[in-house]
Amino acid sequence: MIKKQDIIIENDRIKEIGENLDLKYNQKDLKVIDADNLVIAPGFVDVHVHFRDPGLTYKEDIHTGANSAAKREDIQQLYAMGKY
């Protein structure tokens, strides 16, 4: 069951998760983001990555694929699929 929670983020880190945290913290110091109907997650795992190495590296290789994923802030792990 999904339950509505407040999340306090400080210095790009989750500081606290709970209910009615707006009452605990000074309202003028808070930036409120309405995330109703959204999923909040610290990062995602891509379990279906084809780096095309060996054989089709003109499309992508481990180096270019991993660098592309590293530039995204939401992907935390990659699992490379085999050639076959």
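Just so it is clear, the model here is predicted, and its values are computed rather than measured.

Colleague: Is there a simple way to explain unusual backbone geometry in this structure?
Modeller: Excluding glycine, most residues fall at negative phi; most peptide bonds, likewise, are trans. One non-glycine residue, Asn-11, lies in positive phi territory at about 55°. Relative to the helices and strands, Asn-11 is located in the loop between strand E1 (6-10) and strand E2 (13-18). Residue Asn-11 is classed as exposed on the basis of its relative accessible area of 70%. Despite not being glycine, Asn-20 has its phi angle at roughly 55°, a positive value. With respect to the helices, strands and loops of the structure, Asn-20 is situated in the loop between E2 and strand E3 (44-49).

Colleague: What should I look at first to understand a nonpolar patch on the surface in this one?
Modeller: On the surface, a cluster of nonpolar side chains totalling about 590 Å² of accessible area is made up of Ile-7, Ile-9, Ile-14, Ile-17, Leu-38 and Ile-40. Broken down by secondary-structure element, the contributors of at least two residues to the nonpolar patch are E1 and E2. Here Ile-17 shows up in strand E2. With a relative accessible area of 52%, Ile-17 lands in the exposed category.

Colleague: In this structure, what is going on with the pattern of salt bridges? I would like to understand it.
Modeller: It is possible for side chains bearing opposite charge to pair when their charged atoms get close. In total, this model carries 2 salt bridges according to the counting rule given. The partner of Lys-15 in a salt bridge is Glu-10, and the shortest N-O contact between them spans 3.3 Å. Under the relative-accessibility criterion, Glu-10 is labelled partly exposed at 44%. Lys-24 is paired through a salt bridge with Glu-16; the nearest N and O atoms lie 2.9 Å apart. Assessed through its relative accessible area of 55%, Lys-24 is described here as exposed. Among the residues examined, Glu-16 registers a relative accessible area of 22% and is labelled partly exposed.

Colleague: What should I look at first to understand the environment of Ile-9 in this one?
Modeller: Structurally, Ile-9 can be placed in strand E1. Sequence separation between Ile-9 and Val-49 is 40 residues; the distance between their C-alpha atoms is 31 Å.

Here is what the cut-offs are and how they apply
Residues numbered from 1 in each chain as written. Predicted model: local features only at pLDDT ≥ 70, side-chain atom pairs only at ≥ 80, totals over all residues. Heavy atoms only, no water. Helix = DSSP H or I, 4+ residues; strand = E, 2+ residues; numbered from the N terminus. Buried < 20%, exposed > 50% of the residue type's maximum accessible area, 1.4 Å probe, protein only. Patch = residues over 30% accessible without salt bridge, like charges linked within 9 Å, V, L, I, M, F, W, Y side chains within 5 Å. Areas by Shrake-Rupley, 256 points an atom, 1.4 Å probe, with all protein chains shown as cover. Salt bridge = Lys/Arg side-chain N within 4 Å of Asp/Glu carboxyl O.

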